[in-house]
Protein chains: 2
Amino acid sequence: MISSAQNPKIKRIRLLQTQTRSRKKEAAFVVEGIRLVEEAFQTGQVPELVIYTRDLDERGEQLVGRFHEKKVVCEEVSQEVLKAASDTETPQGILAVLPLHPLALPAECDFLMIADEIRDPGNLGTLLRTAQAAGANGLLLSPGTADPFSPKVVRAGMGAHFRLPILNCSWEEINLITNNLTIFASDMEGDTRIWDADFTQPLALILGGEAHGPGEHSRDLADIWVNIPMSAGSESLNAAAAGAILLFEVLRQRTKSRPS
Amino acid sequence: MISSAQNPKIKRIRLLQTQTRSRKKEAAFVVEGIRLVEEAFQTGQVPELVIYTRDLDERGEQLVGRFHEKKVVCEEVSQEVLKAASDTETPQGILAVLPLHPLALPAECDFLMIADEIRDPGNLGTLLRTAQAAGANGLLLSPGTADPFSPKVVRAGMGAHFRLPILNCSWEEINLITNNLTIFASDMEGDTRIWDADFTQPLALILGGEAHGPGEHSRDLADIWVNIPMSAGSESLNAAAAGAILLFEVLRQRTKSRPS
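Cut-offs and rules
Within every chain, residues take consecutive numbers counted from 1 along the sequence as written. Throughout, the order in which chains and ligands are written sets their labels, letters from A for the former and numbers from 1 for the latter. Two thresholds apply to this predicted model, a pLDDT of at least 70 for residue-level local features and 80 or more for giving and counting side-chain atom pairs, whereas whole-chain, interface and lining totals are computed over all residues. As a rule here, side-chain values come from all non-hydrogen atoms in the structure, and water together with hydrogens is ignored. Here the term buried applies to any residue with accessible area under 20% of the maximum for its type, exposed to any over 50%, and partly exposed to those in between, with areas from a 1.4 Å probe on protein chains only. Only DSSP runs of H or I with at least four residues qualify as helices, and only runs of E with at least two residues qualify as strands; both kinds are numbered from the N terminus onward. The arc in question is the one traced by the directions running from the helix axis out to the C-beta atoms. Contacts are residue-level and defined by heavy atoms, with any inter-residue pair within 4.5 Å sufficient. We call two N or O atoms a polar contact when they sit within 3.5 Å, provided that within protein one can donate a hydrogen and the other can accept it, with sequence-adjacent residues counted only if both atoms are side-chain atoms. Comment: axis = line fitted to C-alpha atoms, over the contacting stretch for helices; angle = value between 0 and 180 degrees taken between N-to-C directions. Roughly parallel means an angle under 35 degrees; roughly antiparallel, over 145; roughly perpendicular, 65 to 115; everything else is oblique. Each crossing is labelled by how the near helix is turned from the far one, with a counterclockwise turn of less than a right angle marking it left-handed and a clockwise turn marking it right-handed. Basically, the charged four are Asp, Glu, Lys and Arg, the nonpolar ten are Ala, Val, Leu, Ile, Met, Phe, Trp, Tyr, Cys and Pro, and anything else, Gly included, counts as polar. When DSSP finds two or more bridges between a pair of strands, those strands are recorded as paired. Definitions used for this entry: grid spacing 1 Å over protein atoms alone; cavity, a set of points where a 1.4 Å probe fits but cannot get out; pocket, an open set with protein on both sides within 12 Å along at least 5 of 7 lines; lining residue, one with an atom within 4 Å of a point. Grid points are joined across faces, edges and corners, and a volume is the space filled by probe spheres set on the points. By convention a nonpolar core is built from buried Ala, Val, Leu, Ile, Met, Phe, Trp, Tyr and Cys residues, the set being connected through side-chain atoms within 4.5 Å. Buried area adds together the accessible area that both of two parts lose upon being put together, with accessible area traced by a 1.4 Å probe. Criterion for a salt bridge: a side-chain nitrogen of Lys or Arg within 4 Å of a carboxyl oxygen of Asp or Glu. Annotation comment: domain bounds sourced from an automatic or database domain assignment. Two joining distances apply to patches: 9 Å for like charges and 5 Å for nonpolar side chains (Val, Leu, Ile, Met, Phe, Trp, Tyr), and every residue must have over 30% relative accessible area and no salt bridge. Computed with the Shrake-Rupley method and a 1.4 Å probe, the accessible areas treat only the protein chains shown as cover for residues. Think of it this way: Lys and Arg go in the positive column, Asp and Glu in the negative one, and His and the chain ends go nowhere. Lys charges are placed at NZ, Arg charges at CZ, Asp charges at CG and Glu charges at CD.

**Quick notes on helix α1 (residues 8-18) of chain B**
All names here are of chain B.
1) Next: Regarding α1, the residues found buried are I10, I13, L16 and Q17. In a view along the axis of α1, the buried residues occupy a sector of 115 degrees, so they form one face of it. Seen from the open side of α1, the exposed residues pointing more than 90 degrees away from its buried face are P8 and T18.
2) Next: Where α1 is buried, its residues touch α2 (20-26), β1 (28-32), β2 (49-52), α5 (79-85), β4 (94-99) and α7 (151-157).
3) Next: Its side-chain oxygen placed 2.8 Å from the backbone nitrogen of K9, N7 serves as the N-cap of α1.

The structure is reproduced here in structure tokens:
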């Protein structure tokens, strides 16, 4: 049992929790709590390390047992050590260190989302979760967007990290990847209401950041500007809320246009 | 100039920032930052007190001048005092104490949202902002929902508090207020896809909490259960994202059904 927060394994976890640089250098990130670690197992992730406390419930114990069978290193730690390793105030008894190798985009993409400087980790995580639920092929993150593998984003993503390709891109790469797609950007001043736009064609949706909306690079890239109609007195929506409305409008139009 | 955080006015602000009980007892709440305080002015709110620091920019100074003209008490404070009064790490130079008297619902409501134990302040604030943008008549909060006038909810609401009626209700009151409306609740197992539901009729939408979805009282109240279709592997959405999708599906259907 690990009972010291100075243990090198624990110190490494703390670095992975707090530093984007460490996550990049070590190509690893951390997920916490039974629900997320269970999702990691179900989607075939192989942790480098799992740590857990003795007071884990039955569901948690089974989970540790399953990782054990797969030869994953599972170490019991004291409550204090888990707390030291955790990003949350009240850790849920289990935490896994996972290799960070992003899922690849499918060969043919017809539904991508581009996050243009989404800086709020909660918004980015919610966006990941929503994009996966809407059936997007992947999320491209522009320079200046929050680190998608930081603890807050991972928590808000609720497992989307295991199912949705998430790529940090330069604008040149975004341009290349979306080359064959119609690019829609959303803005108060967009000409076309989202309900009137044709989202059944192969497309990428640009979602602009909280402060300034789509930036200069997005303006160069966008083919069609759309707006989300709003009632009087409203100027903007939360980025994750706007993303949800856009993503599910795509799903609605595509579901409707398919023969049932 | 107030230069002590022990000043009774400042101590009162801290209580209003931190305690639901104080906000209720004093019927007052706090908004921070130029943008929100400006919105308060524009929507005709009359603060009990405005405090500001000397380094306010021109826009902020004009705002203080306007409140001054309206005989609102405006007090300069030191940076330290503003920081002590503020709920944020980096206060933006101005803060206002506003009377808390909820806006009344219109006599005829045809679009209400019911928040059933939404506990996350960020989600609740985003929901308020989105409900106002979608043109809802008001938001009814069930027992167990977060305090809508807490600092985090106010920040995430981005001014919706000044435009949208927000009512803390018992379930009996919710029942009474929504008596003439068709009540839709959303759930994975709902029979009807949101796109197939008729949201043009006078309605109330129930949005369930992050942990358990719509609860027992919602189950008693709901007339029609709808689902938000999702791609394989997704089980749920963030509450604020689900709310945004539902609210804007109502707006979409109603806009489409109106002669243009």
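Resuming the write-up.
**Concerning the packing of helix α3 (residues 34-42) of chain B against helix α4 (residues 58-69) of chain B**
All names here are of chain B.
1) Next: Closest axis-to-axis distance for the α3/α4 pair is 11 Å, and the angle between their directions is 30 degrees. Classed by the angle they form, the pair α3 and α4 counts as roughly parallel. In terms of crossing hand, the pair formed by α3 and α4 is left-handed. On the side of α3, the interface is formed by I34, R35, V37, E38 and F41, while α4 contributes R59, G60, L63, R66 and F67.
2) Next: For the contact of α3 with α4, the per-class residue count stands at 5 nonpolar, 1 polar and 4 charged.

**Observations regarding the environment of K83 of chain A**
All names here are of chain A.
1) Next: If you trace the backbone, K83 turns up in helix α5 (residues 79-85).
2) Next: Put simply, K83 and Y52 are 31 residues apart on the chain and 11 Å apart in space, counted from C-alpha to C-alpha.
3) Next: Beyond its immediate stretch of four places on either side in the chain, K83 contacts E89 and P91.

**Concerning the sheet that holds strand β9 (residues 192-193) of chain A**
Residues and elements named next belong to chain A.
1) Next: Reading across from one edge, β7-β6-β5-β10-β8-β11-β9 is the order of the 7 strands in this open sheet, with parallel pairing throughout. A single partner strand is all that each edge strand has here, and the edge strands are β7 (166-168) and β9.
2) Next: Taken strand by strand, helix α10 (residues 239-257) contacts β5 (111-116), β8 (182-186), β10 (203-208) and β11 (224-227), and its axis lies near 165 degrees from that of β10.

**What about the layout of surface pockets?**
Empty space among the atoms can be located by rolling a probe the size of a water molecule over them.
Residues and elements named next belong to chain B.
1) Next: Estimated volume of the second largest pocket: approximately 330 Å³.
2) Next: In terms of lining, the second largest pocket is formed by 13 residues, of which the most central are E32, G33, T88, Q92 and R155.
3) Next: For the lining of the second largest pocket, the leading source of residues is α3, giving 4 residues.
4) Next: A per-class count over the lining of the second largest pocket returns 4 nonpolar, 4 polar and 5 charged.

**Structural notes on the nonpolar core**
1) Next: Formed by 78 residues in total, the largest nonpolar core has its most connected members in L205 of chain A together with F199 and L205 of chain B.
2) Next: Non-local contacts of L205 of chain B, meaning those with residues more than four positions away in its chain, are made with F111, L112, M113, I114, F184, F199, L246, L247 and V250 of chain B.

**Quick look at the interface of chain A and chain B**
1) Next: Facing the 32 residues of chain A at the interface are 32 residues of chain B.
2) Next: Taken together, both faces of the contact between chain A and chain B bury some 2600 Å²; the carbon and sulfur share is 56%.
3) Next: In this assembly, chain A and chain B are joined by 2 salt bridges.
4) Next: The salt bridge involving K256 of chain B is made with D196 of chain A; its shortest N-O contact spans 3.2 Å.
5) Next: At the surface where chain A touches chain B, the tally comes to 14 residue pairs in polar contact (both at pLDDT 80 or more).
6) Next: When residues of the side of chain A that touches chain B are traced back to their parent elements, those giving at least two are α6 (121-133) and α10 of chain A.
7) Next: Element by element, the count of residues in the side of chain A that touches chain B is highest for α10 of chain A, at 9 residues.
8) Next: Here the residues of the side of chain A that touches chain B are counted per class, giving 13 nonpolar, 10 polar and 9 charged.

**Details of the domain arrangement of chain A**
All names here are of chain A.
1) Next: When its domains are assigned, chain A resolves into domain 1 (8-99) and domain 2 (111-257).
2) Next: Computed from C-alpha atoms alone, the centre-to-centre distance between domain 1 and domain 2 is 30 Å.
3) Next: The interface of domain 1 with domain 2 comprises 15 residues on the first partner and 10 residues on the second.
4) Next: In total, domain 1 and domain 2 occlude about 1200 Å² of area from one another, counting both sides; carbon and sulfur atoms represent 64% of this.
5) Next: It is R23, F29 and L36 in domain 1 that bury the most area against domain 2; as a group they hold 37% of the surface buried on that side.
6) Next: Across the domain 1-domain 2 interface, the total number found is 3 salt bridges.
7) Next: Across the pair R163 and E39 runs a salt bridge, and its minimum N-O distance is 2.9 Å.

**A closer look at a negative patch on the surface**
Residue and element names in this part refer to chain A.
1) Next: Side chains of D55, D57, E58 and E61 sit close together on the surface and give a patch of like negative charge.
2) Next: Looking at the secondary structure, you find E58 in helix α4 (residues 58-69).
3) Next: Judged by its relative accessible area of 60%, E58 falls in the exposed class.

**Remarks on the sheet that holds strand β6 (residues 138-141) of chain B**
Residues and elements named next belong to chain B.
1) Next: Read from one edge of the open sheet, 7 strands run β7-β6-β5-β10-β8-β11-β9, paired in parallel fashion. Whereas interior strands pair on both sides, the edge strands pair on one side only; in this sheet they are β7 (166-168) and β9 (192-193).
2) Next: Summarising the sheet, β6 and β7 pair through 3 bridges and their orientation is parallel. Bridged to L139 within β7 is I166.
3) Next: Against the sheet, helix α10 (residues 239-257) touches β5 (111-116), β8 (182-186), β10 (203-208) and β11 (224-227), its axis set at about 165 degrees to β10.

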